[in-house]
Amino acid sequence: SWQTPRFPPATNRTNLRRTVEGGVWRIPLEVQQRAMGIDWMPLRSLSGTLHVAPGHCTLSHAAAQVATGGSLELQAGQVRWDAPGLDAEFSGAARGLSFTPELIAALPESVRALLKRLAVRGGFDALNAKVHLQGESPYRWLIEGQFPLRDVGLRIGLELTELRGQLAGAFNLGANGD
């Protein structure tokens, strides 16, 4: 039997009004963003292929332009909701993003606190990125990839500016930010 996907967190759930034209759901971009919990990121030109089946959906070849500059590319993604909570895996890249207050506010609490404490600013990319979310909100996060930095500034006892380089590796955040 078909199930209704649960878009987390509960505050972002919305009843989607849709028009079916030739088997394609036409859902306004801002409603999609709100339902996915990414309404903090102003996207344009969102495209991709979504296949929905009982208990899961897959997303492939998705791309979007970020209105403030930059782009997102998703090679593959899968979301399962047939067990308690969410199990989602995505792989792709992001280019030309910036450490904006909106982006920082959308991150898990422990990462948000660290970035605020370091007063991070500047630009970055996420290459060969893999993101895995599990559980109920707040989620367990596993993120890995390469993260080139452009003109990044931060404060670690002294003020550093115009940093360029690359961070590579993985981090795992527990559901409670541990």
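Residues numbered from 1 in each chain as written. Predicted model: local features only at pLDDT ≥ 70, side-chain atom pairs only at ≥ 80, totals over all residues. Heavy atoms only, no water.

Engineer: How should I be thinking about the pattern of salt bridges in this particular structure?
Structural biologist: When charged atoms on two side chains of opposite charge get close, those side chains can pair. Here the structure, examined in full by the defined rule, presents five salt bridges. Note that Arg 95 and Glu 73 form a salt bridge whose closest N and O atoms lie 3.2 Å from each other. Here the residue Arg 95 occupies a position in strand β6 (residues 86-98), and Glu 73 occupies one in strand β5 (residues 71-80), the gap between them amounting to 22 residues. Taking the relative accessible area as the measure of exposure, Arg 95 reaches 35% and is therefore partly exposed. With its nearest N and O atoms 3.3 Å apart, the salt bridge here joins Glu 159 to Arg 155. (Salt bridge = Lys/Arg side-chain N within 4 Å of Asp/Glu carboxyl O. Helix = DSSP H or I, 4+ residues; strand = E, 2+ residues; numbered from the N terminus. Buried < 20%, exposed > 50% of the residue type's maximum accessible area, 1.4 Å probe, protein only.)

Engineer: How should the nonpolar core be read in this particular structure?
Structural biologist: The tendency in soluble globular proteins is for nonpolar side chains to be buried as a group. By size, the foremost hydrophobic cluster in this structure holds 28 residues, and its most contacted members are Val 79, Phe 99, Leu 115, Val 120, Phe 124, Trp 141 and Val 152. Elements with a contribution of two residues or more to this core: β4 (56-66), β6, α2 (101-106), α3 (109-118), β7 (121-135) and β8 (140-155). By residue number, the principal contributor to this core is β8, which donates six residues. Those residues within four positions of Val 152 in sequence are excluded, and the remaining contacts are Phe 99, Val 120, Arg 121, Gly 122, Gly 123, Leu 160, Thr 161, Glu 162 and Leu 163. (Core = buried A, V, L, I, M, F, W, Y, C linked by side-chain atoms within 4.5 Å. Contact = heavy atoms within 4.5 Å.)

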